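# Structural features, examined
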Amino acid sequence: MTTAEIIAALGLSGHFEGGYFRETYGSPGLDVPTAHGPRGLMSSIYYMLTDDSPVDHFHTKHSTGIQYHHLGAPLTYHMIHPDGRYERVVLGPDIAQGQQPSLAVAGGVWKAAELTGGAYGLVSEVVAPAWDMADMIPIGRAALLAKFPQHHDIIVRLTPAP
């Protein structure tokens, strides 16, 4: 299938961080208390980066998310932990080449992803407690650089231009 055919077949739409997405599950009626108010027990989305939208910009959220690779090219995840440690993981099907089929990213870890080759890479993300827009913590380039100046090059590359 082409990228456009997959977007249409899965009902994906543009995402404000880059790429395309659609929520596939939202655990209605199964709320849990959190420090930020009640949230659903869990949620799940499809998320796809494409050659015309290859970057998911740095952001974090309060909840932990687990990404699962489905189709297409691998996606490279870049993570900056609260203590400043940088981690890079390639999410994809080729375990023999060091790729991982799934990846858990704890809440509070700054995360960006990129498609470095191929027409698209399709993943799902399960978040628990459920994703809520109020829990989304975007960050501008200047603020992220002020927190982690040691990661200048990757931050500049994976944040929108000011």
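Overview of the structure. (Residues numbered from 1 in each chain as written. Predicted model: local features only at pLDDT ≥ 70, side-chain atom pairs only at ≥ 80, totals over all residues. Heavy atoms only, no water.)

## Overview of the overall build of the chain
Summing up its helical and strand segments, the chain has 3 helices and 13 strands in all. With the principal axes as the frame, the chain shows a C-alpha extent of 45 × 45 × 35 Å. The buried share of the chain, taken over its 162 residues, is 46%. For the chain, restricting intrachain contacts to residue pairs at least 6 apart in sequence, the fraction spanning at least 24 positions comes to 71%. Carbon and sulfur atoms make up 59% of the accessible area of the chain, which totals about 8,000 Å². (Helix = DSSP H or I, 4+ residues; strand = E, 2+ residues; numbered from the N terminus. Buried < 20%, exposed > 50% of the residue type's maximum accessible area, 1.4 Å probe, protein only. Contact = heavy atoms within 4.5 Å. Areas by Shrake-Rupley, 256 points an atom, 1.4 Å probe, with all protein chains shown as cover.)

## Quick word on helix 1 (residues 3–10)
For helix 1, the complete set of buried residues consists of T3, I6, I7 and L10. Looking down the long axis of helix 1, one finds its buried residues gathered within 100° of arc, a one-sided arrangement. In helix 1, the exposed positions that point more than 90 degrees away from the buried face belong to A4, A8 and A9. The secondary structure elements touched by the buried residues of helix 1 are strand 2 (20–25), strand 5 (43–50) and strand 12 (120–128). Where helix 1 terminates, the next one or two residues include G11, which has phi positive at roughly 65°. (Arc of directions from axis to C-beta.)

## Points about the nonpolar core
Counting 15 residues, the largest nonpolar core has L49, L75, Y77, M79, L103 and V123 as its most contacted members. Looking at this core, the elements that each hand over two or more residues are strand 5, strand 8 (75–80), strand 9 (86–91), strand 10 (102–105) and strand 11 (110–115). Apart from the residues lying within four places of it in its own chain, the contact partners of L49 are G18, G19, P54, V55, D56, L75, A113, E114, L115, A119, Y120 and G121. Judged by nonpolar contacts, the second largest core, of 12 residues, contains V55, I80, I139 and F148. (Core = buried A, V, L, I, M, F, W, Y, C linked by side-chain atoms within 4.5 Å.)

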